[in-house]
Structure formats: structure tokens, C-alpha cells
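Geometric and topological summary
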Amino acid sequence: MYIEKYLSYLKNEKRMAANSLEAYGRDIRDFEQFIQSRGTGSVLDATSTDVVAYLNKLKAAGRSPSTVNRKLASVRSFYNYMQGENLISDNPARGIKTPRIEKKELEYLSIKEIDQLLDSPDDSLKGRRDRAILEVLYATGIKVSELIDANVEDVNFRMGFITCYGESSKTRIIPMGRPARAALEDYVYEVRDQLLEDNKDEKALFVNYYGKRLTRQGLWKILREYGEKSGIKHKLTPNTLRNSFAVHMLQNGADLKSLQELMGHEDIMATQVYLAATKNHIKDVYDKTHPRAK
């Protein structure tokens, strides 16, 4: 009951996106099952000892530090809500330290790899749809959830932009370059209706072979296929293209504040992670071009 009230609060008051809402619900229910297995009782009765034991169980099961941190954040947020509703006096997750996360090297594609990727779809109906998907992902840097949630009405071809609805219903208007616009126009006006067949009322921008909205799993499969086809050595994910968008923008002179707005980051610290890749690029250029670099 308490968990459902909290999820309803996130959905209706915080306007949380469906995939985030699902993740929060999954994390908190997982914690609830754990404390019930310990004989603690309901979520109202959980203590800091229960929270620590839960984290230790996750670590022992081999869960990554980022997963453990996310689950702890979900539990802490839930109990903040419970405390705000005067259902508990103390938050049992407050003050518990999160595991240290080792910084991973940012994965992004070079300009050459991007060109190989965007050249890899063929001229079949599927290939033309997939070319539009790849072009839009790289041209805008939008998240996978934003792409699959997009409707045809969210695209303004005349002005050349796409409207995205991120977390908390925050709206972003993102411009698209000429190649992305051309690929998307070809797909929308020449391909999409053929994929829809009898499902003409579908509003989704990108659809599958059944004329239904493309799923997250379907998009990952598309990226994996073209990553292999274009000869890209590391695993291709939606985040790889999002990172590539950000890094290439900075390398070509974009300012951090504009990039933050384009990517929909609440905190500019999230945008600053891309600066390291830019600095590495500048150093590489210096090493290759300055007569006395070595």
C-alpha cells in the first residue's frame, strides 16, 4: 500500500518517466521482500541495520557498485517520502555511505566510425527506417526512452527540430542537421505508412514490422546489428551515440551551458564529464602537430 502511494506520487506529482517509475518500483519492492525474509515486518519497521544488510546481500551477489548505489538511492527516496507524510520518524537509509564507483572511460565513436555507421543501412524499408533512427540519435543526442516515446507530431520538418519530453515532463526542443532531417523525411513520408499497414492510427514516430511503437529491446537490437555490420569493435549502445554527440559538439566549439540544455541535464556537473574526452583530443592534436611535442 505504501509503495503504491509513493509510486503514484512520483507519477502524478513528480511527473516521472515510465521507465524510471518502473525502476523505482522494482528497487523498493526488492527491498521489501528482503526485509520480510528477515522477519522485520512491513516497510514501516525497517531499520538502518536492515538497509546495511540489504546492501551487503547485493554486494555478495556480485551486483555492481552503480546498481547498489541506485537501489540505495531508491530506498532512501522512498523513506524521505514516508517521513514527509509523517508515517515514520526517521529515515533508516539516511547517512549510509554508498559504494565507491570506479570511473569508467567514456565510450564514444570517432567521426570516421560515425560515418561508417551511418553509411551501413541499405535502401530497403527497414534500412531506410534504421538510417533515420541512427541519424536522429547522433544528430540530437536524445536518450533511448525519448526516441521510442517520440510521436510524429513531435517533429517539425519545416524548422528542423524535434521536441523531447524528459524527466518531470521537462520539454526540450532539439535542432536536427540536414542529413538527419532528410533521412527522417524519407522515412516518415515514404516508409512509415508501409510499415503501419492496417494500423494507421499509431502515433509513434518509429514503428516495428507490426506497425507498433518500437520497443527499447528492438532499438538495442538495431544498434547491435549495425555496430557489427559497420565493423565497430566495441559494443554499440544508445549511450555510445549520445556520448559521441556530446564529445563531438565540444570538440567543435560548443559551450558547456548549451550542451547541458541540449542533453537535458539538470546539473551541469553531468555535462562536464565530457570535457575530459575533449582535453584528450586536444592533447592528441598537439602531440601530432606541434614540431617539438615529443
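Located above this text is the structure these notes cover.
The structure contained in this document is the topic of the report that follows. Because the structure is a prediction, the values reported are computed rather than measured. (Residues numbered from 1 in each chain as written. Predicted model: local features only at pLDDT ≥ 70, side-chain atom pairs only at ≥ 80, totals over all residues. Heavy atoms only, no water.)

Regarding its fold elements, the chain presents 13 helices and three strands. Principal-axis analysis of the C-alpha atoms gives the chain an extent of 65 × 60 × 35 Å. Residues classed as buried in the chain amount to 42% of the 294 residues present. Residue pairs in contact within the chain that sit at least 24 positions apart in sequence constitute 55% of those at least 6 positions apart. Of the roughly 17000 Å² of accessible surface on the chain, a fraction of 49% belongs to carbon and sulfur atoms. Distance between charge centres in the chain, computed from 47 positive and 41 negative side chains, equals 5 Å. (Helix = DSSP H or I, 4+ residues; strand = E, 2+ residues; numbered from the N terminus. Buried < 20%, exposed > 50% of the residue type's maximum accessible area, 1.4 Å probe, protein only. Contact = heavy atoms within 4.5 Å. Areas by Shrake-Rupley, 256 points an atom, 1.4 Å probe, with all protein chains shown as cover. Lys, Arg positive; Asp, Glu negative; His and termini not counted. Charge placed at Lys NZ, Arg CZ, Asp CG, Glu CD.)

A word on the nonpolar core. Residues Leu184, Tyr187, Phe206 and Leu241 are the most contacted members of the largest nonpolar core, which totals 51 residues. For this core, the elements supplying multiple residues, two or more each, are helix H5 (111–118), helix H6 (125–140), helix H7 (144–149), strand E2 (161–165), helix H8 (178–196), helix H9 (216–229), helix H10 (238–251) and helix H11 (256–263). It is H8 that provides the largest number of residues to this core, a total of eight residues. Other than its neighbours up to four places away in sequence, Tyr187 contacts Arg128, Arg129, Ala132, Arg192, Leu195, Leu205, Phe206 and Val207. Among the nonpolar cores identified, the runner-up in size contains 27 residues, and Phe31, Ile35, Val68 and Val75 belong to it. (Core = buried A, V, L, I, M, F, W, Y, C linked by side-chain atoms within 4.5 Å.)

Moving on, we get to the packing of helix H2 (residues 18–37) against helix H3 (residues 48–60). Look at H2 against H3: their axes get within 10 Å of each other, and the N-to-C directions meet at 105 degrees. It follows from the interaxial angle that H2 and H3 lie roughly perpendicular. Taken together, the residues of H3 that come into contact with H2 (itself represented by Asp27, Asp30, Phe31, Phe34 and Ile35) are Asp50, Val51, Ala53, Tyr54, Lys57 and Leu58. Of the residues in the contact of H2 with H3, the class split is seven nonpolar, no polar and four charged. (Axes fitted to C-alpha atoms, helices over the stretch in contact; angles between N-to-C directions. Parallel < 35°, antiparallel > 145°, perpendicular 65-115°, else oblique. Nonpolar A, V, L, I, M, F, W, Y, C, P; charged D, E, K, R; others polar.)

Right, let's get into H10. Taking 1.5 Å of rise per residue, 14 residues should cover 20 Å, and H10 covers 20 Å from first to last C-alpha, within 8% of that figure. The element H10 is extensively covered by neighbouring structure, given that eleven of its 14 residues are classed as buried. Within H10, the full set of buried residues consists of Pro238, Thr240, Leu241, Arg242, Asn243, Ser244, Phe245, Ala246, Val247, His248 and Leu250. Remark: Gly253 follows H10 within two positions and exhibits a positive phi of approximately 105 degrees. (Expected span 1.5 Å × (residues − 1).)

On to unusual backbone geometry. One non-glycine residue, Arg15, lies in positive phi territory at about 55 degrees. If you trace the backbone, Arg15 turns up in the loop between helix H1 (2–12) and H2. With a relative accessible area of 48%, Arg15 lands in the partly exposed category. Even without a glycine there, the phi angle at Glu197 is positive, about 55 degrees. Tracing the backbone shows Glu197 in the loop between H8 and H9.

Here the focus is the environment of Ala132. Note that Ala132 resides in helix H6. Spatially, the C-alpha atom of Ala132 lies 11 Å from that of Met176, the residues being 44 residues apart in sequence. If sequence neighbours within four positions are ignored, Ala132 has contacts with Ala183, Leu184, Tyr187 and Phe206.

So, on to the packing of aromatic side chains. For the structure on display, the rule yields ten aromatic pairs. Seen in terms of ring centroids, Phe34 and Tyr54 are 5.4 Å apart; in terms of plane orientation they differ by 50 degrees. Their pairing is tilted. Within this pair, whereas Phe34 is found in helix H2, its partner Tyr54 is found in helix H3, the two being separated by 20 residues in sequence. Neither Phe34 nor Tyr54 differs from the other in exposure class; each is buried. Judged by centre distance (5.0 Å) and plane angle (25 degrees), the ring pair of Tyr187 and Phe206 falls under stacked. (Phe/Tyr/Trp six-rings, centres within 6.5 Å; stacked < 30°, edge-to-face > 60°.)

This part takes up the packing of H5 against H10. Viewed as axis vectors pointing N to C, H5 and H10 meet at an angle of 135 degrees, and their least axial separation amounts to 11 Å. Judged on the interaxial angle alone, H10 and H5 are oblique. Regarding H5 and H10, the two cross each other, and that crossing is left-handed. The segment H5 lies against H10, with Ile111, Ile114 and Leu117 engaging Leu241, Ser244 and His248. Here the contact of H5 with H10 is composed, by residue class, of four nonpolar, two polar and no charged. (Left-handed = near helix turned anticlockwise from the far one by under 90°.)

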